[in-house]
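Single-letter residue listing:
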Amino acid sequence: MAQFQFRGRDARGEVNQGTLDAATRDAAATELVRRGITPIAVTEIQQPKDVLAGLKKHPLFVPKITLDELIIMCRQMNALTRAGIPIIRAMRGLAESSRSEALKATLHDVTNRLESGVSLAASMQAHSKVFDELFISMIHVGENTGQLEQAFKQLSESLELERDTRKRIKQATRYPMIVSGALLGALMIINFFVIPKFAGVFAKFGAELPFATKILITTSNFFINYWWLLGGLSVGAVYAFKRWVKTPQGHYLWDKYKLGFPIVGGLFEQITLSRFSRNFAMMLGAGVTVTHALAIAAEAAHNKYIGTNIASMKTGIERGDSLLRTANATGMFTPLVLQMIAVGEETGSIDRLLNEVADFYDEEVDYGLKRLAESIEPILLLAMGAMVLVLALGVFLPIWDLGKAALK
């Protein structure tokens, strides 16, 4: 967005001048005409060059639009469109009142595209990192059916469910993460500060050290002397892993491996299937064809492995198979879920039955998340016990022999 200085005359012939923000000089002139001002001169204000401008545009420093901000935007758009406010005016108002600079810039750009004659769905599609394929498809259906306010309502409800799921996952994993961090911190302190002190004491007395103590001292010396190597290898491994995950094959394999993780693999699968069922039902309820809805739901599943299986359902339906048969062929759904899909096909209420399928998975996820801390706690206790045992054998046992060594 650039800033322009303008001078023009209103309907009474009086001179008006000031500044306004717009994407281009033509967009600024169009905005003045919309305000009832005939532009005489529109000049872009040259901003002082920022030496850090390139750095600020880096993805690491660009603020992201949060899920809460998108939910609020959808709620506000639902209320404004339901009240009959023109879409351009509603978008412009939300952009001006938004506290998020990233969302403000996005909405301003969407509004400018709308003013140039582009549809709302196409305008949002230019910001694919903010509005995903499901979001754009729902807006497209709402525009074509004249039910844009209903589309924003359904999107806000879908985003709220996504936010609630993420919150439940964070709450369930908070305790294990804190304990794991404390254990890691304790190990670092022991290796860098505690063991070297004891090693100096043992060396002064010249006592014969037990095997466990020698292992501790060797490990501590390795950490102290080669911490830079360990740090470099760790950073390199994380970087290589992220690059691998971004490749199509790496993304597919990692999403497949996640589903097989002990304790949490089943939760990942249930969360993904719940998201798919609800998104698929929402698309069908909005009037999207089954094949198109499956394609969109596959992209919105956030799991490449499950998304590929969903895409195979689309291929099967295009060949003439029923939804039940294609769903059964994937091997992802339980018999109870398949039965509900069969009833939905027979009664013509597949979207309502799919929502019940999503509710079923949500209940399973809630139960699994409640059991998550209970399942991980024994593992954490074993790790803590092992650390205490190593310290007892390697540090405290030699201390009991220091008296004997001092008398020699």
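Note that this is a predicted model, so its numbers are computed, not measured. The residue numbers shown here count from 1 along each chain, following its written sequence. With pLDDT at 70 or above as the cut-off, local features in this predicted model cover only qualifying residues; side-chain atom pairs require 80 or more to be listed or tallied, and sums for whole chains, interfaces and linings still use all residues. Side-chain metrics rest on all non-hydrogen atoms present in the structure, leaving aside hydrogens and water.

Student: Help me out: how do you make sense of the layout of surface pockets in this one?
Tutor: To find the voids left in a structure, one rolls a probe of water-molecule size over its atoms. Considered as a void within the structure, the second largest pocket measures approximately 560 Å³ in volume. Lining the second largest pocket are 20 residues, and of these Glu 162, Arg 166, Ile 169, Arg 275 and His 302 sit closest to its centre. Counting from the N terminus, the helices are DSSP H or I runs at least four residues long and the strands are E runs at least two residues long. Those elements giving two or more residues to the lining of the second largest pocket turn out to be helix H3 (67–82), helix H8 (148–205), helix H10 (248–258) and helix H11 (265–285). Of the residues forming the lining of the second largest pocket, the biggest block, seven residues, is contributed by H8. Three categories are distinguished: nonpolar for Ala, Val, Leu, Ile, Met, Phe, Trp, Tyr, Cys and Pro, charged for Asp, Glu, Lys and Arg, and polar for the others, with Gly belonging to the last. For the lining of the second largest pocket, a count of residues per class yields six nonpolar, five polar and nine charged. Put plainly, a pocket is an open set of points on a 1 Å grid over the protein atoms alone with protein on both sides within 12 Å along at least five of seven lines, a cavity is a set where a 1.4 Å probe fits but cannot get out, and a lining residue has an atom within 4 Å of a point. Grid points are joined across faces, edges and corners, and a volume is the space filled by probe spheres set on the points.

Student: Looking at this structure, how should I read the pairing of strand S2 (residues 15–22)?
Tutor: On a regular strand, each side chain points to the face opposite its neighbour's, so the side chains alternate between the two faces of the sheet. Both strand S1 (residues 2–9) and S2 contribute to a ladder of eight bridges, which runs antiparallel. By the bridge assignment for S2, Ala 2 is matched with Ala 22. Strands are treated as partners if at least two bridges between them are detected by DSSP. Between S1 and S2, which pair antiparallel in sequence order, lie five residues; one of them, Gly 13, sits at a positive phi of approximately 85°.

Student: Quick question: what am I supposed to make of the packing of aromatic side chains here?
Tutor: Here the distance between the centres and the angle between the planes together describe a pair of aromatic rings. Aromatic pairing here means that ring centres of Phe, Tyr or Trp (its six-membered ring) are within 6.5 Å. Orientation follows from the plane angle: under 30 degrees is stacked, over 60 is edge-to-face, and everything else is tilted. As enumerated under the stated definition, the model contains 11 aromatic pairs in all. Taken together, a centroid distance of 5.3 Å and an interplanar angle of 35° make the contact between Phe 222 and Tyr 226 tilted. Here the residue Phe 222 and the residue Tyr 226 both occupy positions in helix H9 (residues 211–246), the gap between them amounting to four residues, near one helical turn. Buried residues are those whose accessible area, probed at 1.4 Å on protein chains only, stays under 20% of the maximum for their type, while exposed residues exceed 50% and partly exposed ones sit between those limits. Among the residues examined, Phe 222 registers a relative accessible area of 38% and is labelled partly exposed.

Student: Help me understand the pattern of salt bridges in this model?
Tutor: Two side chains with opposite charge may pair up if their charged atoms get near one another. When a carboxyl oxygen of Asp or Glu is within 4 Å of a side-chain nitrogen of Lys or Arg, the pair counts as a salt bridge. For the structure shown, the criterion picks out 15 salt bridges. Here Arg 163 makes a salt bridge to Asp 68, at a shortest N to O gap of 3.2 Å. With Arg 163 in helix H8 and Asp 68 in helix H3, the pair connects residues that are 95 residues apart, well separated along the chain. Looking at Asp 68, the relative accessible area reads 36%, which means it is partly exposed. Its salt-bridge partner being Asp 366, residue Arg 168 comes within 2.7 Å of it at the nearest N-O pair. Taken together, the positions of Arg 168 in helix H8 and Asp 366 in helix H16 (residues 350–407) put the pair 198 residues apart, joining distant regions of the chain.

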